[in-house]
Amino acid sequence: MAAEFHNLQEMQHSALLVTKVFIQRDYSEGTVCRFQNKFPSELNNRIERTLLEETVKTLNSYYVEAEKIGGQSYLEGCLACATAYIVFLCMETRYEKVLKKISNYIQEQNEKIYAPRGLLLTDPIERGMRVLEVSVFEDRGSSGSTPSSSMSSCSSAR
Amino acid sequence: MKNCEYQQIDPRALSVAPLSAQSHAEEKARRPRRKWEVFPGKNRFFCDGRLILARQSGVLPLTLGLIVVTCGLFFAFDCPFLVEHLTVFIPVIGGVLVVFVVTSLLRTSFTDPGILPRATADEAADIERQIDTSGSSTYRPPPRTKEILINQQVVKLKYCFTCKMFRPPRTSHCSLCDNCVECFDHHCPWVGNCVGKRNYRFFYSFIISLSFLTSFIFGCVITHITLRSQAGKSIVQAIQESPASVVELVICFFSIWSILGLSGFHTYLVASNLTTNEDIKGSWSSKRGAEDSGNPYSHNNIIINCCVTLCGPMPPSLIDRRGFVPPDEAVPAAPASEMELPPFTAKSDANMCHQSTKDVLERMLNSSDFHGLCPAGTPKTTPLVQEGPASAPAEPPAGCSRPHERGAAARLCRPLSKHSRRDSLHSINPAFRLASPSPSLSRSALILGDAPNMGFVPLR
């Protein structure tokens, strides 16, 4: 992607649009962690629908894997109970391992797909698993150094 | 009143703050703080954020003291006699049980029960934007419920005024700790913490092992006294020889009923995948609502319910206690007087507009979570509004210059303070709101005087 540089005056006049789109949780299957696969309308002309849906679907499948109730989780639970939960101090739980995988995945997606389109995904764990936050930057080449200052420059430019 | 609240969390106003107080940012950057130091809930942290406890630790010292004293007396006075007359396994079993009890108790007390971090300013504003479909009515209360379908059953999600979000299912706000807790069971004064999703299994193992321990000690002490009095002495003489046993007997006798009862109750809850909160409120009882209103979270199989609750995967802590507060995010906690913000925005444009989007994104990707502390910034102003003059203000977490915010919030809220005070009475105790949503709603309708045009979801 070619970075387009506009001069400062043009950027100040152009009312940079910076916003955040939140993809909420989908509770239709209970309290398991799942995000809605509804494509937000604000991203209509920023990214292809299939790409975002694919990302959300992959994230959901990671969370399903983390919260899967099966042989391994029972073993972990019983072992922990038998050792009076001391084993949790030494061992990384399966959930934590999957969370690491998720954060690597999100970073990879950001680098390959979202940053070139002026978007940024925030790992849901940093938002308390409430939302999947997509930060939208006006892709005009010049922007603030942090999202908060970008938003401030956006608001001031208005 | 609510208008005033929304003004305070306007993301544009708040986000300008970091640039306005650059000197503050420099000062704070020199001393990086961990997130637990600025945590907005009423909690205490130990070992640099590794351990968390409710601010009101309740009777946890008493619980620990009772257990230690009783077990100490048992091992010192009853075990020698019993080892001599019965078997050496008695202190061994006792020792194992004590280890289980104490470790479970400490894990329950010092583990994050599943606290949900408060919504960031952007999220809160986004939620309000989404529900503001009725147009530009000035005095509208925020919506209180949202209905969703869980496993084909209608469940109402309530909006938490403190945490600025719709609470996920099974989440409840603990007024003692001032936090929303996932799968909130209850706040237990004996362990000095809430019992929720992350520490319920520890709590359950604590009460089960404590039941076993209490019964075990009770049985052993009775055996001890019986054996002593069988050797040709009266019971009174036996007691005189071993007075500590009487102390243990009394303690065990009085505690065994409640502990056994509690264990039985929680075994029932585990088997039906309910929380104490839901059971008490009768959320899924067949008496209220449609005939098919069962518990949507239950797997309808006792064994599976037990396994899921007790041996399910251990979810991570969402509050990231030991993470560092990013310097530019720490500043919104400083003077948040929005009046001072506009003059500085021009300066920010001049300084900041040289990099490309890609550089920005790369930097953000490499930095630690930059918005993780928005929750700490935003609710600083709201507790004042919600709690009003009625209660002593919630003790501010260390390190935030709250007097400034209070001044700012007071300036903003003065015109609407009447509304804030009345609504604060409803906002303080979520239990009352939950129990009687309609009266509070009608009351706020009267206050705001604009009932038909509110545009919120009416509560039944």
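Remember, predicted model here, so these are calculated numbers, not experimental data.

1. Quick word on the overall build of chain B
Secondary structure summary: chain B contains 20 helices and ten strands in total. Looking at chain B as a whole, 54% of its 460 residues are labelled buried. A fraction of 71% describes how many contacts in chain B between residues 6 or more apart in sequence connect residues 24 or more apart.

2. What about the overall build of chain A?
Of regular secondary structure, chain A possesses six helices and three strands. Reading chain A from its N end, one meets helices and strands in the order α-β-α-α-α-α-β-β-α. Split into buried and exposed, the 158 residues of chain A put 51% on the buried side. The long-range fraction of contacts in chain A, counting pairs at least 24 apart against all pairs at least 6 apart in sequence, stands at 60%. A total of about 7,100 Å² of accessible surface is found on chain A, and carbon and sulfur atoms cover 52% of it.

3. A few points about the UniProt feature "transmembrane region" (unreviewed entry) in chain B
Using the residue numbers shown here, the UniProt feature "transmembrane region" (unreviewed entry) corresponds to residues 59–77, 89–106, 202–227 and 247–271 of chain B. Helix makes up 95% of residues 59–77 of chain B and strand 0%. Its end C-alpha atoms lie 27 Å apart.

4. Some words on the pattern of salt bridges
Scanning the entire structure with this criterion turns up 15 salt bridges over all chains. The shortest N-O distance in the salt bridge between Asp 122 of chain B and Lys 20 of chain A comes to 3.0 Å. Of this pair, Asp 122 of chain B sits in helix α6 (residues 121–131) while Lys 20 of chain A is found in strand β1 (residues 19–24), placing the two residues in two different chains. The burial state of Asp 122 of chain B is the same as that of Lys 20 of chain A; both residues are buried. Salt bridges linked by common partners bring Lys 20, Arg 127 and Glu 133 of chain A together with Asp 122 of chain B together as one network.

5. Section: helix α4 (residues 60–85) of chain B
All names here are of chain B. Taking 1.5 Å as the rise per residue, α4 with 26 residues should run 38 Å; its terminal C-alpha atoms sit 36 Å apart, in good agreement. At Asp 78, α4 shows its strongest bend, of approximately 45°, with the proline Pro 80 following within four residues. If you check which residues of α4 are buried, you get Leu 60, Thr 63, Ile 67, Thr 70, Cys 71, Phe 74, Asp 78, Cys 79, Phe 81 and Leu 82. The inward-facing, buried residues of α4 contact β2 (51–54), α5 (89–110), α7 (200–230) and α9 (243–271).

6. With respect to the sheet that holds strand β4 (residues 145–150) of chain B
Residue and element names in this part refer to chain B. Here three strands make up an open sheet; going across it, the order is β4-β5-β6 and the pairing antiparallel. Sheet topology places β4 and β6 (165–166) at the edges, where each strand pairs with a single neighbour. The pairing of strand β5 (residues 153–160) with β6 spans two bridges and is classified as antiparallel. Note that in β6 the partner of Tyr 159 across the bridge is Phe 166.

7. Details of the confidence of the model for chain B
Residues and elements named next belong to chain B. Overall, the prediction assigns chain B a mean pLDDT of 70, with 60% of residues at 70 or greater. Across residues 288–292, where pLDDT falls below 50, the model places five contacts with residues more than four positions away in sequence or in other chains. Low pLDDT, under 50, characterises residues 368–460; the stretch is placed with 177 contacts to residues that sit more than four places away or in other chains. At the level of chain-chain contacts, confidence expressed as ipTM amounts to 0.75, with global pTM at 0.68.

8. Structural notes on the sheet that holds strand β3 (residues 131–136) of chain A
All names here are of chain A. Ordered in space as β1-β3-β2, the three strands form an open sheet in which the pairing is antiparallel. Each end of this open sheet is capped by a strand with a single partner; those strands are β1 and β2 (119–122). Averaged over neighbouring strand pairs, the angle between their axes works out to 25° when direction is ignored. In terms of strand pairing, β1 meets β3 through six bridges, oriented antiparallel. Looking at β3, one finds that Gln 24 is bridged to Val 131.

9. Observations regarding the packing of α5 of chain B against α7 of chain B
The relative placement of two packed helices comes down to the angle between their axes together with the axis-to-axis distance. Residue and element names in this part refer to chain B. At a minimum axis distance of 8 Å, the contact between α5 and α7 shows a crossing angle of 150°. Accordingly, the angle class assigned to the pair α5 and α7 is roughly antiparallel. Note on packing geometry: the crossing formed by α5 with α7 is left-handed. Contacts from Ile 90, Ile 93, Gly 94, Leu 97, Val 98, Phe 100, Val 101, Ser 104, Leu 105, Arg 107 and Thr 108 of α5 reach α7 at Phe 202, Phe 203, Ser 205, Phe 206, Ser 209, Leu 210, Phe 212, Leu 213, Phe 216 and Cys 220. Here the residues of the contact of α5 with α7 are counted per class, giving 15 nonpolar, five polar and one charged.

10. Notes on a nonpolar patch on the surface
Residues and elements named next belong to chain B. Side chains of Val 83, Val 88, Phe 89, Val 92, Ile 93 and Val 96 sit close together on the surface and give an oily, nonpolar patch of about 510 Å² of accessible area. Considering every element that reaches the nonpolar patch, the biggest residue donor is α5, with four residues. On the secondary structure map, Val 96 appears in helix α5.

Conventions used here
Residues numbered from 1 in each chain as written. Chains lettered and ligands numbered in written order. Predicted model: local features only at pLDDT ≥ 70, side-chain atom pairs only at ≥ 80, totals over all residues. Heavy atoms only, no water. Helix = DSSP H or I, 4+ residues; strand = E, 2+ residues; numbered from the N terminus. Buried < 20%, exposed > 50% of the residue type's maximum accessible area, 1.4 Å probe, protein only. Contact = heavy atoms within 4.5 Å. Areas by Shrake-Rupley, 256 points an atom, 1.4 Å probe, with all protein chains shown as cover. UniProt positions renumbered as here; feature names shortened; annotations may be inferred. Salt bridge = Lys/Arg side-chain N within 4 Å of Asp/Glu carboxyl O. Expected span 1.5 Å × (residues − 1). Bend = angle between axes of the 7 residues up to and from the residue. Pairing = 2+ DSSP bridges. pLDDT = per-residue confidence, 0-100. Axes fitted to C-alpha atoms, helices over the stretch in contact; angles between N-to-C directions. Parallel < 35°, antiparallel > 145°, perpendicular 65-115°, else oblique. Left-handed = near helix turned anticlockwise from the far one by under 90°. Nonpolar A, V, L, I, M, F, W, Y, C, P; charged D, E, K, R; others polar. Patch = residues over 30% accessible without salt bridge, like charges linked within 9 Å, V, L, I, M, F, W, Y side chains within 5 Å.

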